[in-house]
Amino acid sequence: KDAMVDVDIKPKPLQPHWYERYVQPCVAELLGSTLFIFIGCLSVVEDVEGTGRLQPALVHGLAVGLTIAILADI
């Protein structure tokens with residue numbers, strides 16, 4: 001009787017819903033890619049004198065950082 005009390009019964013982990021498993025990662029990938037491409041293209045629309053290659057590189061880096069910060073949990 002005492003041996004039965006010490007046994008912990010662990011419930012089965014719940015499977016994620018099909019939406020969380022298939023649709024949500026696809027939507028996150030689409031949103032992340034769109035954000036990256038849109039912000040990256042906007043960074044080179046106005047060619048300010050003296051920025052060279054630095055501005056697009058910084059903007060793309062910040063876009064990647066922003067995308068990771070927003071969508072990392074998915």
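Residues numbered from 1 in each chain as written. Predicted model: local features only at pLDDT ≥ 70, side-chain atom pairs only at ≥ 80, totals over all residues. Heavy atoms only, no water.

Novice: Hey, could you go over the packing of aromatic side chains for me, with residue numbers and the actual values?
Specialist: Scanning the entire structure with this criterion turns up one aromatic pair. Ring centres of Trp18 and Tyr19 lie 6.4 Å apart, and the angle between their planes is 85°; this geometry places the pair in the edge-to-face category. Overall, the relative accessible area of 40% leaves Tyr19 in the partly exposed class. (Phe/Tyr/Trp six-rings, centres within 6.5 Å; stacked < 30°, edge-to-face > 60°. Buried < 20%, exposed > 50% of the residue type's maximum accessible area, 1.4 Å probe, protein only.)

Novice: Please give an account of the environment of Phe38 that cites residues and values.
Specialist: Along the chain, the position of Phe38 falls in helix H2 (residues 18-43). For Phe38, a relative accessible area of 52% gives the class exposed. Separated by 22 residues in sequence, Phe38 and His60 place their C-alpha atoms 9.9 Å apart. (Helix = DSSP H or I, 4+ residues; strand = E, 2+ residues; numbered from the N terminus.)

Novice: An account of a nonpolar patch on the surface is requested, with residue identities and associated values reported.
Specialist: A grouping of Phe36, Ile37, Val64 and Ile68 is seen on the molecular surface, where their side chains present a nonpolar patch of about 340 Å² in accessible area. Of all the elements in the fold, those that place two or more residues in the nonpolar patch are H2 and helix H3 (54-71). As for its placement among the helices and strands, Phe36 is situated in helix H2. Phe36 sits in the partly exposed class, given a relative accessible area of 30%. (Patch = residues over 30% accessible without salt bridge, like charges linked within 9 Å, V, L, I, M, F, W, Y side chains within 5 Å. Areas by Shrake-Rupley, 256 points an atom, 1.4 Å probe, with all protein chains shown as cover. Salt bridge = Lys/Arg side-chain N within 4 Å of Asp/Glu carboxyl O.)

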